[in-house]
There are 2 protein chains.
Amino acid sequence: MLVAVLVPFLCCLSLATAGKLLVIPMEGSHWLSMKEVLAELSKRGHEIVVIAPDSKMLIDSSGIYELKMYPVPFKKEEMEELMRSLSANCFSEEPFLMRFFNTWDNFRKTSAMFQTSCSSLLYNKEIMKYIKESKFDAIFTDPLTPCGQIIALHFSIPTVFFLRGIPCAIDIHAAQSPDPPSYIPRMFSLNTDHMTFPQRVKNFLISISETFTCSMVFSPFESLASDFLQKPITITQLLSHGSIWLKRLDFVFDYPMPVMPNMIFIGGINCGQKKPLSQEFEAIVNASGEHGIVVFSLGSMVSEIPMKKATEIADALASVPQTVLWRYTGEVPPNLPKNVKLVKWLPQNDLLAHPKTRAFITHGGSHGVYEGICNAVPMVLMPLFGDQMDNAKRVESRGAGLTLNILEMTSKDISTALKAVINDKKYKENIKRLSDLHLDRPIHPLDLAVHWVEFVMRHKGAPHLRPAAHDLNWIQYHSLDVIAFLLAVVLLSLFISFKCCLFCCRRCCCKKGRTRKPTKSKSH
Amino acid sequence: MLVAVLVPFLCCLSLATAGKLLVIPMEGSHWLSMKEVLAELSKRGHEIVVIAPDSKMLIDSSGIYELKMYPVPFKKEEMEELMRSLSANCFSEEPFLMRFFNTWDNFRKTSAMFQTSCSSLLYNKEIMKYIKESKFDAIFTDPLTPCGQIIALHFSIPTVFFLRGIPCAIDIHAAQSPDPPSYIPRMFSLNTDHMTFPQRVKNFLISISETFTCSMVFSPFESLASDFLQKPITITQLLSHGSIWLKRLDFVFDYPMPVMPNMIFIGGINCGQKKPLSQEFEAIVNASGEHGIVVFSLGSMVSEIPMKKATEIADALASVPQTVLWRYTGEVPPNLPKNVKLVKWLPQNDLLAHPKTRAFITHGGSHGVYEGICNAVPMVLMPLFGDQMDNAKRVESRGAGLTLNILEMTSKDISTALKAVINDKKYKENIKRLSDLHLDRPIHPLDLAVHWVEFVMRHKGAPHLRPAAHDLNWIQYHSLDVIAFLLAVVLLSLFISFKCCLFCCRRCCCKKGRTRKPTKSKSH
């Protein structure tokens, strides 16, 4: 049966009607896995147009799509400087308050840059005219910056969102998915799904505070959207119009929670087909002998780390017999041991897939963690910012790795953690179990993503998956008007019953009174 | 990519390790689609054992599984008589109260029969010994009668549930899925997902009443489970141990609502591959000419209908130029027109798939409705009992059919409705749209079902999909303890602040008092 069904499905690959897809991506690592979906869509004959600012970092020209650029009033160097500053702040040993304000300042600048970029796009008459005339079937966008959805709403084009999550659970609220704070850990809470009472209090307080913090963070986007669409709109209302939410998560890694039928889970989409290693890397891996290798990368955003920290790390790496492949572009630490090979870039997924790989030292970005899970490599996590702390907590709570505090860790801590994940069998067993569960799926996440993008293109959206909750206000959704009405009915009934009883009693008393009254009058 | 990924998947069909599956099915139409999954699992080399009572209706012996029977203290004829009585009651013209009590009595008897059957199984030492010794990898069961789950819990075997739904939303509560009554219509409410205020009041009241009605209905099963497992257990607690919920629903037909990651939607699983019609049916269809045919069946449970109703129906069918294929085993109405062919059985799905089929007259059982949707045939619905009224409402609310009240419908009503769904293009367009959406899926529901049964067999359950909500009580789940604690903290803070202010004020007053006091003492 399976073969009988799959054969026509495979056949329909070439039969599918080609459509026109507009892509409004997000800069950074988010773009990398989105590009893989575009490559697949391009193979299936769709016409793809990517719109990006002319100052960009990872978004590049390609034969698989047409890249249209619009001018923005900032330079690529400014973005890179911001990223550098963000990563430098992670290693800063300044007092907490100072680091907090630096992070906040960086965040404000990054956010302002995205808003400027969005504004430049929305008010670019040429691009807007092009979009209007191009009659796109769908918009494929990362809703972390809601620019794509503003355009979609303006031109009535259905959207497919591609994301891991949005701070303050805006994605969850916009999709009308319930998320009780009693067992769904909030972003940045470092809680797991099993919380103690104090942890539940913390989680509850974070969930309340999110309403205020996020309205502050997203208010410039809300103003932009309201001005452009000429009607007041919140960020949640804006994103509630998304047809399909392609979410880069899997419940092997994330905790199970209520979801909506228009959420499609494609966690691990970036664990593509393994390619053979280049001669250079193959030689290093083969030379590692029985001890094998350790892959070490703090992600593409962190290019260098302070020399003191680098020296400590180098010191720790000397304590293991494995060959360590360290992706590092900063200044070489003077104590770099022989077993450590510094490289400017490494084929992370292909190296993790190698049977000689014993451990993965990572910053805990979701892409890296999924590659670790796919390839069943236990991890040492050094989270830096964003959702990385939560990701590290998830891996650790599954017994598949150990987390280190990048600021406080000593050479000994790193060495102990690394030796533990390599030598203690339980880490390998746990990550192997997660990996087996993750890879045992009826369809590859990439094909699932492609299917749903095409679905929205074919059917001009997915209105049958839109819950009616979108048409209710907060009071109606929680049935508070119904409860108030029923309470009123009950109280009114009680009141009437009470009044009736009172009336009956009075009648009785009255009768008695009347029988006594003449006696009284007689006495007068 | 898709091909590259699917090829190893296809290969793994033959490589998959064969397992041992115990099936504890539900009698009636539920069994028919379950059997299709078993056929597929059997092809994949699994050893399947079906356990059923020796008095059974549709469950039969087969080469694809081993059928083990246990004796029950009732006969097949008694079951059939109950079914007959249930269907006869649908056409009864007795006063409402009388019909209600008859239905209740039938329901009570059916329920008692299922309980007796379950009890006979649980206390059958031979079968229990066999299950214990057989080391099954999983139990595949219909949780409408929770007998399979009682056995699963007793022997610690993971379960896969196969169902459409359980009255009182027990399935939803057992899976910890939220279901706000503001937009999720309750079973038997006849509401859609868009409700007026009175409808929301009705829905809310039904959702409250469900707690009481269902505890009454399921209490014998709860006693049985508690006695057998030797610990008190509710039906919701019992079913909360299910690893995977294979739900026979699709959001083309059902309304979108929150779901849990361990719920897999396989609506339309019964719309299998179309087989060519037999010569007899092919001849009838071909002879229908340009007008085509109408397929008419009130399901396998309704064998005959009162002559008065049958005469009215026959009268109405004479008014359309289509040939009507009517599955009917009762007494032939005297006015049967020439265009109506009575048959004892018909290949429903294959006939609906024929391009000459113009309409489908159905009782609105979910299997039939899905076949109507799969094949894009507009429907006239004559719901009789159970969820059929709700199903009919769903089809009607989608503009894909018209509903008739079986008791009140006249010959003219039937004729008008039938002509409307045949001649008014909007019905065909709407059902075609639903059909297109329903069939546009990345994997066939049957393969999805097979994958998840095998998943549970391979991994001994799916604990990573079990939400932590199961480990919270009602107060904790709704964070009521956290809210109470925070309120207490706020009130205590206010109280302390107030007391401090009061203390300060008193100190001030006291000082003033002291400055006055000496004056007073002097005056003495």
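Note that the structure is predicted; figures quoted are calculated from it, not measured.

A. Layout of the overall build of chain A. Scanning chain A from N- to C-terminus turns up 19 helices and 13 strands. Reported as C-alpha extents along the three principal axes, the dimensions of chain A are approximately 125 × 60 × 55 Å. Sorting the 524 residues of chain A into buried and exposed places 56% on the buried side. If you sum the accessible surface of chain A, you get close to 23500 Å²; carbon and sulfur atoms cover 61% of it. The positive charge centre, built from 57 side chains, and the negative charge centre, built from 48, are 14 Å apart in chain A.

B. A look at the confidence of the model for chain A. Across chain A, the average pLDDT comes to 90, with 94% of residues at 70 or higher. Across the whole predicted complex the pTM is 0.91, and at the interface the ipTM reaches 0.90.

C. Expanded view of helix H6 (residues 147–155) of chain A. Those residues of H6 of chain A that fall on the buried side of the exposure criterion are Cys-147, Gly-148, Gln-149, Ile-150, Ile-151 and Ala-152 of chain A. Positive backbone phi, approximately 50°, marks Ser-156 of chain A, located one or two places after H6 of chain A.

D. View of the pairing of strand S6 (residues 244–247) of chain B. All names here are of chain B. By the alternation rule, side chains of S6 split into Ile-244 and Leu-246 and Trp-245 and Lys-247, which are all buried. Judged from the four bridges that link them, strand S5 (residues 159–163) and S6 form a sheet pairing that is parallel. Bridge pairing in S6 places Phe-161 opposite Trp-245.

E. Quick peek at the packing of helix H11 (residues 307–317) of chain B against helix H15 (residues 411–423) of chain B. Residues and elements named next belong to chain B. Close contact between H11 and H15 brings their axes to 8 Å; oriented N to C, the two are set at 40°. Viewed along their axes, H11 and H15 adopt a mutual orientation that is oblique. As H11 packs across H15, the resulting crossing turns out to be right-handed. The residues of H15 that touch H11, namely those facing Glu-312, Ile-313, Asp-315, Ala-316 and Leu-317, are Ser-411, Ile-414, Ser-415 and Leu-418.

F. Spatial organisation of the relation of the copies chain B and chain A. The two copies are related by a screw operation: chain B maps onto chain A through 180° of rotation and 0.0 Å of translation along the axis, at an RMSD of 0.1 Å. Given the turn and translation reported, the copies of this chain are related as if by a two-fold rotation axis.

G. Structural context of the state of the cysteines. Residues and elements named next belong to chain B. Tallying each qualifying case throughout the model produces six disulfides over all chains. The partner cysteine of Cys-271 in its disulfide is Cys-374, sulfur to sulfur 2.1 Å. With the S-S bond torsion at 100°, the cross-link from Cys-271 to Cys-374 turns out right-handed. With Cys-271 in the loop between strand S7 (263–265) and helix H10 (279–287) and Cys-374 in helix H13 (residues 366–374), the pair connects residues that are 103 residues apart, well separated along the chain.

H. Main features of the sheet that holds strand S13 (residues 401–403) of chain A. Residue and element names in this part refer to chain A. Across the sheet, six strands lie side by side as S10-S9-S8-S11-S12-S13; this open sheet has parallel pairing. Two strands in the sheet have a free side with no partner beyond their single neighbour: strand S10 (340–343) and S13. Across the sheet, the mean angle separating the axes of adjacent strands is 15° when strand polarity is ignored. Packed onto the sheet, helix H11 (residues 307–317) meets strand S8 (293–297), strand S9 (323–327), S10 and strand S11 (357–362) and runs at close to 155° relative to S9. On top of the sheet, helix H14 (residues 388–397) reaches strand S12 (379–381) and S13; it is set at about 140° to S13, its chief contact.

I. Region of interest: a nonpolar patch on the surface. Residues and elements named next belong to chain A. Nonpolar side chains collect at one region of the surface, where Phe-96, Leu-97, Phe-100, Phe-101, Trp-104, Phe-107 and Met-216 lie side by side and expose about 790 Å² of accessible area between them. Ranked by residue count, the leading element in the nonpolar patch is helix H4 (residues 96–122), at six residues. Relative to the assigned elements, Trp-104 resides in helix H4. By relative accessible area, Trp-104 is classed as partly exposed at 38%.

J. Region of interest: the environment of His-30 of chain A. Residues and elements named next belong to chain A. Along the chain, His-30 falls in helix H2 (residues 29–43). Between the C-alpha atoms of His-30 and Ser-366, which are 336 residues apart in sequence, the distance is 9.9 Å. With residues up to four places along the chain from it excluded, the contact list for His-30 reads Asp-142, Leu-144, Phe-162, Arg-248 and His-367. A polar contact is formed between the side chain of His-30 and the side chain of Asp-142, at a distance of 2.8 Å.

K. The arrangement of the domain arrangement of chain A in detail. Residues and elements named next belong to chain A. Domain parsing of chain A yields domain 1 (18–271 + 443–471) and domain 2 (279–439). Using only C-alpha atoms to locate each centre, domain 1 and domain 2 end up separated by 28 Å. Taken together, the contact between domain 1 and domain 2 spans 33 residues of the former and 34 residues of the latter. Both faces considered, domain 1 and domain 2 share a buried interface measuring about 3000 Å² in area, 63% of it formed by carbon and sulfur atoms. In terms of surface lost to domain 2, no three residues of domain 1 exceed Phe-91, Val-252 and Phe-253, which account for 28% of the buried area on that side. Across the domain 1-domain 2 interface, the total number found is two salt bridges. The salt bridge partner of Asp-387 is Arg-164, with a shortest N-O separation of 2.9 Å. Here domain 1 is connected to domain 2 by 14 residue pairs in polar contact (both at pLDDT 80 or more).

L. Seen up close, the nonpolar core. Within the largest apolar cluster, 240 residues are counted, with the highest numbers of intra-cluster contacts made by Phe-140 and Leu-246 of chain A together with Phe-140 and Leu-246 of chain B. Membership of the second largest hydrophobic core comes to 31 residues, among which are Ile-313, Leu-402, Ile-406 and Ile-414 of chain A.

M. Up close: unusual backbone geometry. Residues and elements named next belong to chain A. Unusually for a residue other than glycine, Phe-188 sits at a positive phi of about 70°. Looking at the secondary structure, you find Phe-188 in the loop between helix H7 (170–174) and helix H8 (197–229). Despite not being glycine, Ser-479 has its phi angle at roughly 55°, a positive value. In this structure, Ser-479 sits in the loop between helix H18 (474–477) and helix H19 (480–523).

N. Inspection of the UniProt feature "transmembrane region" (unreviewed entry) in chain A at higher detail. The sites that carry the UniProt feature "transmembrane region" (unreviewed entry) are, in the present numbering, residues 482–505 of chain A. Spanning residues 482–505 of chain A, this segment combines 100% helix with 0% strand, and its end C-alpha atoms are found 34 Å apart.

O. Representation of the side chain of Ser-177 of chain B within the structure. Mapped onto the elements, Ser-177 of chain B comes out in the loop between helix H7 (170–174) and helix H8 (197–229). By relative accessible area, Ser-177 of chain B is classed as buried at 4%.

Each value, and the rule that gives it
- Residues numbered from 1 in each chain as written.
- Chains lettered and ligands numbered in written order.
- Predicted model: local features only at pLDDT ≥ 70, side-chain atom pairs only at ≥ 80, totals over all residues.
- Heavy atoms only, no water.
- Helix = DSSP H or I, 4+ residues; strand = E, 2+ residues; numbered from the N terminus.
- Buried < 20%, exposed > 50% of the residue type's maximum accessible area, 1.4 Å probe, protein only.
- Areas by Shrake-Rupley, 256 points an atom, 1.4 Å probe, with all protein chains shown as cover.
- Lys, Arg positive; Asp, Glu negative; His and termini not counted.
- Charge placed at Lys NZ, Arg CZ, Asp CG, Glu CD.
- pLDDT = per-residue confidence, 0-100.
- Pairing = 2+ DSSP bridges.
- Axes fitted to C-alpha atoms, helices over the stretch in contact; angles between N-to-C directions.
- Parallel < 35°, antiparallel > 145°, perpendicular 65-115°, else oblique.
- Left-handed = near helix turned anticlockwise from the far one by under 90°.
- Contact = heavy atoms within 4.5 Å.
- Least-squares fit on C-alpha atoms with pLDDT ≥ 70 in both.
- Disulfide = S-S within 2.5 Å.
- Patch = residues over 30% accessible without salt bridge, like charges linked within 9 Å, V, L, I, M, F, W, Y side chains within 5 Å.
- Salt bridge = Lys/Arg side-chain N within 4 Å of Asp/Glu carboxyl O.
- Polar contact = N/O pair within 3.5 Å; in protein donor to acceptor, adjacent residues only side chain to side chain.
- Domains from an automatic or database assignment.
- Buried area = accessible area lost by both parts, 1.4 Å probe.
- Core = buried A, V, L, I, M, F, W, Y, C linked by side-chain atoms within 4.5 Å.
- UniProt positions renumbered as here; feature names shortened; annotations may be inferred.

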